[in-house]
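Below are the chains, spelled out letter by letter.
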Amino acid sequence: MSPTVYWRVEGSLLDLTVVQPVAFFTWNAQTFTERFRRRGLIFLMAALRPFLYSTNRKFATRVVHTALRGVTRDRLDLLGEEYFLYKLKPQLKARGVERVEELVRAGADVVLVSQALEHVMKPLALHLGVKHIVANRLEFRDGVATGRLLEPVIRPRGAFALFREQSSDGRRAPKTLARQLEMTLEELKGAVISSERGPAAPERPIVHFEGQRQAAGFSVRRALAGKHVMLIGVTGFIGKVWLANTLLELPQIGRIYLLIRKQKSNPGQRRFEKIVEESPVFDPLFEKYGAGFAEYLREKVEVVEGDVTQPGLGLNLEAARRLQRNLDLIVNSSGLTDFNPDLRDALTTNTDAAMNILEFVRGTDHAGLLHLSTCYVAGERDGRVTERLIPNYTPHRVPDFDAEQEWRSLQQVIAQAEAQAEGEEVTAGLRSQSLAKEHAARGLQGAALDNQIRKNRIRWLKTYLTEAGTRRAKELGWPNTYTLTKSLAESLIVKHGAGLPIAVVRPAIVETSMEKPFTGWNEGINTSASLSYLLGTYFRQLPSNESKRLDILPVDAVCAGMTLIAAAIVERRHDSLYQLATSVTNPCDMGRSIELTSLAHRKHYRAQEGLESWLRLRFDAIPVSKTRYQRMSAPAQKAIVKSIQRIMSPLPLKKTPLAKTERSLERVEKLIELFEPFILLNEHDFAADNVEKLSHALVEDEQEEFGYKARLLDWWDYWINVHIPALRRWTYPLIEGRPLEARPARSLMNGETVKTGT
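It should be emphasised that the depicted structure is a prediction, and the values quoted were computed from it without experimental measurement.

## Digging into the overall build of the protein chain
From N to C terminus, the protein chain includes 31 helices and 22 strands. The burial tally for the protein chain puts 54% of its 758 residues in the buried class. The contacts in the protein chain between residues at least 6 apart in sequence include a share of 80% that link residues at least 24 apart. Here the protein chain displays about 34500 Å² of accessible surface, and carbon together with sulfur accounts for 52% of that area.

In structure tokens, the structure reads:
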């Protein structure tokens, strides 16, 4: 057993006072008002402290820390790291550090003892390789400091300690240290805590009140060994990660067929090869198999050229029969995720395609279907959303609503709009528009005029159908066309898929990977990237409901859930609906997510140099009401800019002043409006019990690799150290119009070297 060595930090490693870290925390509170109020408290404490200190050192220590009442644990943890890294680390005493490191290397269990808060001492301990500390600890309720110190309180050293206790050897005998701290030896030993940031989430018991009980002994490897699976949507974010993770974790799987659509002269096979050559998702597979990776792919993967929006999936008869005979499972991760696209695109990709897949499954010998939907088909409603498929569902509970009839009706809307676009009235308007003096192409005639009218007709039809889809979605209670068409697909699957082995899987907001294919993978400008980017600028006031749960899930957690469900479908032990979400099992509300985003940006800017970074790290975003947002943020700022523009319009200026600012504010307004349903309205709590039951039923030796672990996510670590840094690497450059980082060339299959870059 390792000997325990108690080491007093003050004097040996640092000359640290109680007030300095507390002042740093208060100087960096979330809002400007808080900062000035807390600074006033600190100045008052500084004035009173000599009197309080001479009376009772423990009481004085308690009083100083009341200034931190209302500060979140998240902020204290980040600021504690920052305070150590930028303030204390340069002041560490080299001889004391050497002695501590010698003890650690010798196998001693060193316990650092300090009057500072644990939020400062933990980073110091981790820096020195020390596993335990004794430090002052604040009481927290719902993650917010009450301003009260927990027992035992570590009081400061005596008035002359600065002169008497300056030694590079901070070792203290336990009894001596306990006497100096005015506590018993048992209290000292009980005050020892881990230097790790926080404990793991407690295990949540699984209780079966109703529904199908999952028998133990469930094995993913056994269920999917030798099985033939067709993946639809491999070009998407989730599809790529699921394929890469499956190939990495389940080499015993039979074969994976990839349905990929041909793009003009670019065949499906070449599209897949390009993905494998360029995407970082496949880096772990390249590392594992090296030169044998191409052979492994040929053995496990087959590209099938087709089109999910066509009847029979656009397959030729021979390929269709072969697949329908051999397939054990179809995984449909395809879909159009734009919130308000052209109604034609949304209906074709999200609804028509689902029906085509369903008919294909019906023609197979024994294949099941995993259909990927979204939790947000719940639409405009509040409260707990259970895992129950409701046929002909509408959030507004429209009486006598029939999903199939709605589907046909929307197709008629499209047909009528297309006919209207070709009609005389619209054509005349488009012609006038093309010939208008203010138009850049005025004076056109003949073929050139016809071509301009054709372009205008395409734009008119797209705009008309985009607005028509959005309008109809909101009438029925969905926030956008995306959720409307996804919900229609679910209702049609319930109606036409009766008796077939089908599971509908609803992920929440899918974001950066936590572990697989590697920590911190993200792709494209996805759902929350634009908002998080905005919060890293000088934009501060986000209209949101602080208590609303922002349901985010790492993409590898989604893929882990999909693999569990896929295995369950193959074994016919599946439920009809699975929600992959965290709002019930591991909630993170909007107030916390906004602060974590700001803290992550702060950590980035703190490491940079220059005035711009210095300013940005001081602009923490805060949640506000919509009224305050309209009165003090982008809408009000845009109104001021417009007023200035009007005043200056008579002046003979070449460029309109502040035009760029006005356009930027308009973009912010549109972005906020687009995300309102997800950050301000509709307080959803998505139950995710069915996948938890599957995970709980796994055999013991598969729990670690295939278990569903969303409940164990540490949001602080995920947001600050994984998610926002990943967005900075993979997504923010796209928003800013910059290229992503260059990647080295790598070869595939044919042995040729291909230049890669994502």
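## What about the pattern of salt bridges?
Tallying each qualifying case throughout the model produces 50 salt bridges. Among the salt bridges present, the one from E139 reaches R141, with a minimum N-O distance of 3.8 Å. Using a relative accessible area of 16% as the deciding quantity, one classes E139 as buried. Of the residues examined, R141 reaches a relative accessible area of 57% and is grouped as exposed. Connected through shared salt-bridge partners, R35, R75, E595 and D620 make up one network.

## Some remarks on the sheet that holds strand β18 (residues 577–580)
Taken in spatial order, the seven strands of this open sheet run β10-β9-β8-β11-β12-β14-β18, and their pairing is parallel. Whereas interior strands pair on both sides, the edge strands pair on one side only; in this sheet they are β10 (301–305) and β18. Across the sheet, the mean angle from the axis of one strand to that of its neighbour is 20°, orientation sign disregarded. Summarising the sheet, strand β9 (residues 255–260) and β10 pair through five bridges and their orientation is parallel. Within β10, the residue paired with L259 across the bridge is V304. Sitting on the sheet, helix α22 (residues 555–570) touches β11 (329–332), β12 (368–372), β14 (502–507) and β18, and the angle it makes with β12 is about 155°.

## As for the nonpolar core
In terms of nonpolar packing, the biggest core is built from 65 residues, with L258 and F282 touching the most fellow members. Top contributing element to this core by residue count: α22, with 12 residues. Once you skip the residues sitting within four places of it in the chain, L258 turns out to touch L231, V234, L243, F272, V301, E302, V303 and V304. Residues F539, C588, M590 and I724 belong to the second largest nonpolar core, which totals 50 residues.

## Regarding the sheet that holds strand β3 (residues 132–136)
The sheet built from five strands is open, its strands ordered β6-β1-β2-β3-β7 with mixed pairing. In this open sheet, the two edge strands, each paired with only one partner strand, are β6 (171–172) and β7 (193–194). As paired strands, strand β1 (residues 4–8) and strand β2 (residues 109–117) are joined by five bridges and run parallel to one another. If you follow T4 over to β2, its bridge partner there is D109.

## Looking at the packing of helix α1 (residues 19–27) against helix α4 (residues 73–88)
Contact pair α1 / α4: the axes reach a minimum separation of 10 Å and the direction vectors enclose 120°. The orientation of α1 relative to α4 falls into the category oblique. The two elements α1 and α4 meet at a crossing, and its hand is right-handed. In this structure, α1 contributes Q20, P21, F24 and F25 to the contact, and α4 contributes L76, L79, G80, E82, Y83 and K87. The residue makeup of the contact of α1 with α4, split by class, is six nonpolar, two polar and two charged.

## Digging into a nonpolar patch on the surface
Together, I640, I644 and L658 line one region of the surface with nonpolar side chains, adding up to about 230 Å² of accessible area. Tracing the backbone through its elements, the reader meets I644 in helix α26 (residues 634–648). For I644, a relative accessible area of 31% gives the class partly exposed.

## Examining the environment of V494
Inspection of the secondary structure assignment puts V494 in helix α20 (residues 481–496). Between the C-alpha atoms of V494 and R73, which are 421 residues apart in sequence, the distance is 45 Å. When near neighbours in sequence (up to four residues on either side) are disregarded, V494 contacts L389 and P391.

## Description of the side chain of Q579
Mapped onto the elements, Q579 comes out in strand β18. A distance of 3.0 Å separates a polar atom in the side chain of Q579 from a polar atom in the side chain of R506. For Q579, the contacting residues outside a window of four places in its chain are C375, V385, T386, E387, R506, F686, A687, A688 and V691.

## Some details on the pairing of β3
Extensive coverage of β3 is indicated by the burial of four of its five residues. Note: β2 against β3, four bridges, orientation parallel. When the bridges of β3 are listed, L112 appears paired with I133. This β-α-β element, β2 to helix α6 (residues 118–128) to β3, shows right-handed connectivity.

## Quick word on unusual backbone geometry
Cis geometry marks the peptide bond from E151 to P152; its omega dihedral reads -5°. On the secondary structure map, P152 appears in the loop between β5 (144–149) and α7 (161–164). That bond from K516 to P517 is cis: its omega, 0°, falls within 30 degrees of zero. Relative to the helices and strands, P517 is located in the loop between β15 (509–511) and α21 (529–534).

## Some words on helix α12 (residues 268–278)
Within α12, eight of the 11 residues are buried, which leaves the element mostly enclosed by the surrounding structure. Among the residues making up α12, those that are buried are G268, R271, F272, E273, I275, V276, E277 and E278.

Rules behind the numbers
Residues numbered from 1 in each chain as written. Predicted model: local features only at pLDDT ≥ 70, side-chain atom pairs only at ≥ 80, totals over all residues. Heavy atoms only, no water. Helix = DSSP H or I, 4+ residues; strand = E, 2+ residues; numbered from the N terminus. Buried < 20%, exposed > 50% of the residue type's maximum accessible area, 1.4 Å probe, protein only. Contact = heavy atoms within 4.5 Å. Areas by Shrake-Rupley, 256 points an atom, 1.4 Å probe, with all protein chains shown as cover. Salt bridge = Lys/Arg side-chain N within 4 Å of Asp/Glu carboxyl O. Pairing = 2+ DSSP bridges. Axes fitted to C-alpha atoms, helices over the stretch in contact; angles between N-to-C directions. Core = buried A, V, L, I, M, F, W, Y, C linked by side-chain atoms within 4.5 Å. Parallel < 35°, antiparallel > 145°, perpendicular 65-115°, else oblique. Left-handed = near helix turned anticlockwise from the far one by under 90°. Nonpolar A, V, L, I, M, F, W, Y, C, P; charged D, E, K, R; others polar. Patch = residues over 30% accessible without salt bridge, like charges linked within 9 Å, V, L, I, M, F, W, Y side chains within 5 Å. Polar contact = N/O pair within 3.5 Å; in protein donor to acceptor, adjacent residues only side chain to side chain. Right-handed = clockwise from strand over helix to strand, strands pointing away.

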